[in-house]
Every structure is written in C-alpha cells, then in structure tokens.
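Report on the structure
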Amino acid sequence: SLGSLELIREELAHINLSEASKRLFPHTVAWRKSVIKGRKTSPLISTEGDSTGRVIKQHQDGGSSGRPISRLTTNLPRTVLSVANAAESPTALVVRREMQSWQLLQLEPSALRRPDEFTAPSHLGLDGAFLAATLFRLAKPRRTGNGNPSLESQVYATIANRLSELIEDVSRIWVDLDESRELLTLFVADRNGTPYPARSLSDGTLRFLALAVLEADPEAQGTLCLEEPENGIHPERIPAMLELLRDIATDSTEPVDSANPLRQVIVNTHSPSVVAQIPDDSLLIAELREQIKGQQRFKHPVFTWLPDTWRAQKDPHIRPLSRGMLLSYLNPTVQPESTNGFPTQSHRRSPRVMDREDLQLLLPFPSGRSE
C-alpha cells in the first residue's frame, strides 16, 4: 500500500517591497509598487518541530500580539489555509479565496457556438459559454459628453483586428440582438461582407476569439490555466496564439490598472512548435528524475528550466534542463539511420516528406541529422 498523503510543512509569509525584487520574476519598480501593499515581518502560517511532534501554527494578522492557533500535522486532514476564516486571519482568507479563483479554461466548441439569452451571465464561462453576452457587455454603447456612442465600434474593431491575426479574411465582428427571441448571436463578416454566425466558425477560430474577448475584459483577473492552446490552430498561426496569451497576462513593465489587470497565464503543451517559440524564461519542463530513499529507488517529477534564465538564477540548487534533452524534444523527426547495421522501420517505408531532396536545405536539420 502507498499509504496516505502526509503534510510535512506549510508556510504563508508576506513579501515586502524591499525583498520583492530578489524573489519575483523580472519587473519594474512601478509594477512592484502597484501590487505589493503593506509590510509584515512575521509569518501568517509557520511549521515547527520534527516528524515526531510537528506543529503547524496559524498566526493572527497582528503578529506576535495575537496568540497563534496550533494544529498537529498527524491529525490534520487538510491544510491550515483551507480552513482559514476572517475571524482568525483575514489575510489568510484572502489568499485562500485567491487560490480558489484559479480557473482551468476548457473551451468547448459547442458552448462557444451557442447564442445567449438576454438574461445570460455576461462573463466568459470556463467552457467558453456566454461568449456573445460577454462581448456585448464589453461593447455596450456608452455615451460621451455630446451624447454619441463611443465604445461599441472601438471594441468590435479591436476584437476583429486581433482575429485577423489568425484569419486574414476578417473585416467585422458584432453581436446581433434578436428582440423577438431575446437572443444574442455573435457574427463575423469576411472582406466581401458575408456574415457568418458563431455556429459556422471552426473550433480553432472560436477558441482564439474567446481568448481575444478575455484579453479585452478588464474584469477577468487571476490565474488562468489552459491545456494545449495549439489545438485547432494552423502551425503558421501558432505565434499569433502565443502573442495573444502573452497579452492576456499582466505586463510586468507597467503598473497594474484597468488597462493592465493582474493576470497570470499557465499553459501546458506537447507541441515542439509551441515550446520553440515561447520566451526562454517562461519555459518549465516536467522531467522524471531518479531518487533513492532508504532501500527504494524511484522516479519523481521535477520542474526544470533553461540555464542562464532568471529561474536558474533564483534557484541555483536545481539542475537546469540538459541541452541534449531539449534538442531531441524540439527536433523529434530525427531518426537514427540504422540499428545494429539494419535499416530502421522508417527507412523501409516510402520516403517521408522531410526526406525530399528539394526540402533538405529548408529544414532545420538537413538529411535528418542534428548537430
């Protein structure tokens, strides 16, 4: 039996303004001052003792003036943070609610295609539902001083311009109001003026459109997680998708405000094309490494990064990702020419596209060899 999970240590401490530059990712002073507030030297949650008498303490916001609440780890079925309340520690409760707000986007084409009723929520659902209602809220006409609507055309034009990075044949986007059926339907028009409702758009186009609306929504905040964003996207348009995801995340060179919400984006992928085009300091790779404990030998996952990045500088005790492993991942089409003197299966079959002589000079590794 593998047994149950054991809580070994739990900590919650405040990052002060003076030490944030040493502990966080690269950012400007203006960004740091806009997100880090207050000052506290004592921890909010701490762990004391060893395995025989380990105790997790939840301290009050007042620091040493408040008596901490102690809990033995052997009798604790869950983390202390998960049961924090406003009476004992308001700050810990804020952290708990922030972690509860982390969202895993699983954009489903059926939900993205669906028109919305007038009474539908006006924020994008985790499956992509309420896309039309969300875009309509963002573009809802607002009156300027002279009484003319000023925002509607600007929002639609911004989303259309963003979508044109994925599909060149886009001229206009809008939400149609069907008063008789009380429905909101999203439409996209091509350069010839032909309108297409959301139900006629491809899966990849709808996912890209949903992320573009999310990027334009200042009320969408927190941590957003997304699996394999390249799904349904032509390989030539992967850079446009990655640029959109970067724009959704907060810009750490500018102060946080309504135009630069505090957002983080985490994506996972198996695509070498995606990995090859993201910033090198944004890459985390889950690598299985062997470990020995007692008489047992086993493998466990470790998150690694590239050398000479800020991650490697912040945590020099973890060995960075090896160059050979990354090269083999980025060029998975490279195959050995023979095994023990016999041709491999790939050479017994018909020639592959990458084996064509007229493409050899254009491919990253001619003749299927890496250097």
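The coordinates are above.
Below: a short report on this structure. (Residues numbered from 1 in each chain as written. Predicted model: local features only at pLDDT ≥ 70, side-chain atom pairs only at ≥ 80, totals over all residues. Heavy atoms only, no water.)

By size, the foremost hydrophobic cluster in this structure holds 47 residues, and its most contacted members are L131, L135, L163, I173, L186, L209 and L211. Breaking this core down by element, the ones donating at least two residues are α5 (131–139), α6 (152–163), β6 (172–178), β7 (183–189), α7 (203–216), β9 (222–227) and α8 (238–248). It is α7 that contributes the most residues to this core, eight residues altogether. In terms of nonpolar packing, the next biggest core, distinct from the first, is built from eight residues, L44, I56, V80 and L81 among them. (Core = buried A, V, L, I, M, F, W, Y, C linked by side-chain atoms within 4.5 Å. Buried < 20%, exposed > 50% of the residue type's maximum accessible area, 1.4 Å probe, protein only. Helix = DSSP H or I, 4+ residues; strand = E, 2+ residues; numbered from the N terminus.)

It is worth spelling out the packing of aromatic side chains at this point. This model, assessed by the stated rule, comprises three aromatic pairs. Between F25 and W310, the aromatic rings sit 6.4 Å apart at their centres with planes inclined by 65°, giving edge-to-face as the arrangement. Here F25 is found in the loop between α1 (17–23) and α2 (29–35), whereas its partner W310 is found in helix α10 (residues 310–314), with 285 residues between them in sequence. A residue is classified by how much of its surface remains accessible, and F25, at 31% relative accessible area, is partly exposed. Judged by its relative accessible area of 18%, W310 is buried. In textbook terms, an aromatic cluster arises when at least three aromatic residues are bridged by ring pairs, as seen for F25, W31 and W310. Cation over ring: R172 sits above W174, and NZ or CZ is 4.1 Å from the ring centre. (Phe/Tyr/Trp six-rings, centres within 6.5 Å; stacked < 30°, edge-to-face > 60°. Lys NZ or Arg CZ within 6 Å of the ring centre and 35° of its normal.)

Moving on: the pattern of salt bridges. Counted under the stated rule, the structure contains 11 salt bridges. Between R237 and E168 there is a salt bridge whose closest N-O contact spans 3.4 Å. Here E168 lies in the loop between α6 and β6 and R237 lies in the loop between β9 and α8, a separation of 69 residues in the sequence. Under the relative-accessibility criterion, R237 is labelled partly exposed at 24%. Judged by relative accessible area, E168 falls into the partly exposed class, the value being 48%. Between R181 and D178 there is a salt bridge, and its shortest N-O distance comes to 2.9 Å. According to the relative accessible area criterion, R181 is exposed, its value standing at 58%. Several salt bridges share partner residues, and in doing so they unite R137, D217 and E219 into one network. (Salt bridge = Lys/Arg side-chain N within 4 Å of Asp/Glu carboxyl O.)

This part covers the sheet that holds strand β10 (residues 263–268). Pairing within the open sheet is parallel, and its three strands lie in the order β4-β9-β10. With one partner strand each, in any of the chains shown, β4 (103–105) and β10 form the two edges of the open sheet. Sheet twist, expressed as the average angle between the axes of neighbouring strands with direction ignored, equals 25°. Pairing analysis gives three bridges linking β4 to β9, with the strands arranged parallel. Each bridged residue has a counterpart across the sheet, and for Q103 the counterpart in β9 is L224. Packed onto the sheet, α8 meets β9 and β10 and runs at close to 145° relative to β10. (Pairing = 2+ DSSP bridges. Axes fitted to C-alpha atoms, helices over the stretch in contact; angles between N-to-C directions. Contact = heavy atoms within 4.5 Å.)

Any functional reading would require information beyond the geometric quantities listed.
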